[in-house]
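# Overview (structure and organization)
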Amino acid sequence: MKKIAIWLPIAFLCIQNLSISLFAKPIKGPMSLTSQPFGKTQAGEAVTLYTLKNKSGMEVQIMNYGGIITKILCPDKNNKLEDVVLGYETLQEYEKGSPYFGAIIGRYGNRIAKGKFSLDGKNYELFTQNMGNHLHGGKVGFDKVVWKVVAAEGDDKGSKLVLSYLSKDGEEGYPGNLQVQVTYTLSPANELGIEYKATTDKATVLNLSNHTYFNLSGNAKRDITGHQVQLNATKLVAVDETLIPTGELVDVKGGAFDFLQPHLISERVDADDIQIKRGGGYDHCVVFDKAPGVFAKVGKVTDPVSGRSVELSTSEPATQFYTGNFLNGTYTGKYGVNYTKRMGFCLETEHFPDSPNHPSFPSTVLRPGQTYASKTVYQFSHK
């Protein structure tokens, strides 16, 4: 009986350790990156959730379905860790449908007019689902596929998750076999980096982005109208009633889109401005005042109540600044919060919407032999 008594706790400890190893697997640095199963898609594909951590206590969770950022924990002015992004607790909820919470967007982020464009003399037609226009890659964009995990590692210098996806020729109507790689990194300085690379075997158009909805209040306690925004963006890509660019770049100075100096979102989100009215608030591409392709700091958003801030740096020429105008209470997310209008804001770094149909816009054409490269960093702080 004594032998049994001795072995029982040892057996229990072994089983417990086995359970931990199965459901929270350390990878090259147990304190900085772990993984666990996150269920299976309706098609039966296994999905894994990765947790990146740093020594400051910041934590980022990303799953390989859609490359979706499901959670970002960062401290407030009282060092209280809370979640600063919108999303769900389960894979099934993401599959049922969401407004692109946290996802990689492709092949083409934002809109293409009537789902049509011409390239090298050939006409292409894409799926249309947004006021007769193509939006965020189509019916099954990059946000709705399972990405291959190339690398998942962490050490004292930070954590890294590398995902890849082969978008085949003709997928969603786009030409070319497109090989895409997205690298997420978390640094000790609370920098969440996203780097995109892609190559193709046939000329195509490409505009990759990430569609995370931020809410710096923590666990979405309040809407984002009290957030303060500063953007080094001097031009606005004007849009028509269906949010398709007119081709005009408008100087923002002195208007509702002038965030060269910090302003609360609430100040002008309902302004008597034709562009604000067309978007139902801010849902527009604003153009940064920097040289093309240069990686630079371009903006900052702060929640004065929590003390949290996020600084934006990117190599992209613009960002879609969106204030959750179409969140209408039909989505209930984490912590039981009902996502109503303006519960989150997006800074989707990108090239301009509908660029394939506007020769004057920076080109989004990628050709064989070229490498698409883009980098965006969100750095979080608190005071």
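Every value quoted in this text rests on a predicted model; they were computed, and no experiment measured them.

## Some thoughts on the sheet that holds strand 15 (residues 191-200)
Within the open sheet, the nine strands sit side by side as 12-13-14-15-30-24-23-18-21. Their pairing is antiparallel. Among the strands making up the open sheet, the edge pair consists of strand 12 (148-155) and strand 21 (263-264).

## Topic: the side chain of Ser 209
Relative to the helices and strands, Ser 209 resides in strand 17 (residues 209-210). Only 2.9 Å separates the side chain of Ser 209 from the backbone oxygen of Thr 349, close enough to count as a polar contact. With residues near it in sequence (within four places) discarded, Ser 209 still touches Ala 103, Ile 104, Ile 105, Tyr 196, Glu 348 and Thr 349.

## Digging into the confidence of the model for the chain
Looking at the chain as a whole, the pLDDT averages 92, with 92% of positions reaching at least 70. A low-confidence stretch, residues 1-31 (pLDDT under 50), is modelled with 23 contacts involving residues beyond four sequence positions or located in other chains.

## As for the pairing of strand 2 (residues 33-40)
As defined by bridge partners, strand 2 adjoins strand 3 (residues 46-53) across six bridges and the pair is classed as antiparallel. Opposite Lys 40, over in strand 3, you have Ala 46 as the bridge partner. The antiparallel hairpin formed by strand 2 and strand 3 contains five residues in its connecting segment, where Gly 44 sits at a positive phi of about 90°.

## Regarding the nonpolar core
One finds Ile 72, Trp 147, Tyr 184 and Phe 380 to be the most contacted residues of the largest nonpolar core, which totals 58 residues. If you tally residues by element for this core, the top one is strand 14 (residues 178-186), at five residues. Excluding its chain neighbours within four sequence positions, the residues that come into contact with Tyr 184 are Leu 52, Ile 62, Gly 67, Ile 69, Ile 104, Ser 159, Lys 160, Leu 161, Leu 163, Gly 193, Ile 194 and Asn 210. Counting 24 residues, the second-largest nonpolar core is a separate cluster that includes Met 63, Tyr 88, Ala 220 and Tyr 339.

## Digging into the sheet that holds strand 22 (residues 283-288)
Judged by pairing direction, the sheet is antiparallel, and its five strands sit side by side in the order 20-19-22-25-28 without closing on themselves. Each edge of the sheet is formed by a strand with only one pairing partner; in this case those strands are strand 20 (245-251) and strand 28 (346-350). Neighbouring strand axes in the sheet, compared pairwise and without regard to direction, differ in orientation by 30° on average. Across four bridges, the pairing between strand 19 (residues 233-239) and strand 20 is antiparallel. Residue Val 237 lies in a different strand from strand 20, and its bridge partner there is Leu 249.

## Brief notes about the side chain of Glu 348
Within the element layout of this structure, Glu 348 appears in strand 28. Despite its burial, Glu 348 pairs with no opposite charge, the nearest such side chain being Arg 111 at 7.4 Å. There is a polar contact of 3.4 Å between the side chain of Glu 348 and the side chain of His 211. Not counting residues within four places of it along the chain, the set of residues in contact with Glu 348 comprises His 136, Ser 209, Asn 210, His 211, Ala 318, Thr 319, Gln 320 and Tyr 322.

## Focus on the pattern of salt bridges
All chains considered together, the criterion is met by 17 salt bridges. Between Glu 82 and Lys 80 there is a salt bridge, and its shortest N-O distance comes to 3.8 Å. Judged by relative accessible area, Lys 80 falls into the partly exposed class, the value being 49%. The salt bridge involving Glu 241 is made with Arg 278; its shortest N-O contact spans 3.4 Å. Here Glu 241, found in the loop between strand 19 and strand 20, pairs with Arg 278, found in helix 4 (residues 274-279); they are 37 residues apart in sequence, far enough to count as distant. The network of salt bridges with common partners includes Lys 80, Glu 82, Lys 221 and Arg 308.

Rules and cut-offs
- Residues numbered from 1 in each chain as written.
- Predicted model: local features only at pLDDT ≥ 70, side-chain atom pairs only at ≥ 80, totals over all residues.
- Heavy atoms only, no water.
- Pairing = 2+ DSSP bridges.
- Helix = DSSP H or I, 4+ residues; strand = E, 2+ residues; numbered from the N terminus.
- Polar contact = N/O pair within 3.5 Å; in protein donor to acceptor, adjacent residues only side chain to side chain.
- Contact = heavy atoms within 4.5 Å.
- pLDDT = per-residue confidence, 0-100.
- Core = buried A, V, L, I, M, F, W, Y, C linked by side-chain atoms within 4.5 Å.
- Buried < 20%, exposed > 50% of the residue type's maximum accessible area, 1.4 Å probe, protein only.
- Axes fitted to C-alpha atoms, helices over the stretch in contact; angles between N-to-C directions.
- Lys, Arg positive; Asp, Glu negative; His and termini not counted.
- Salt bridge = Lys/Arg side-chain N within 4 Å of Asp/Glu carboxyl O.

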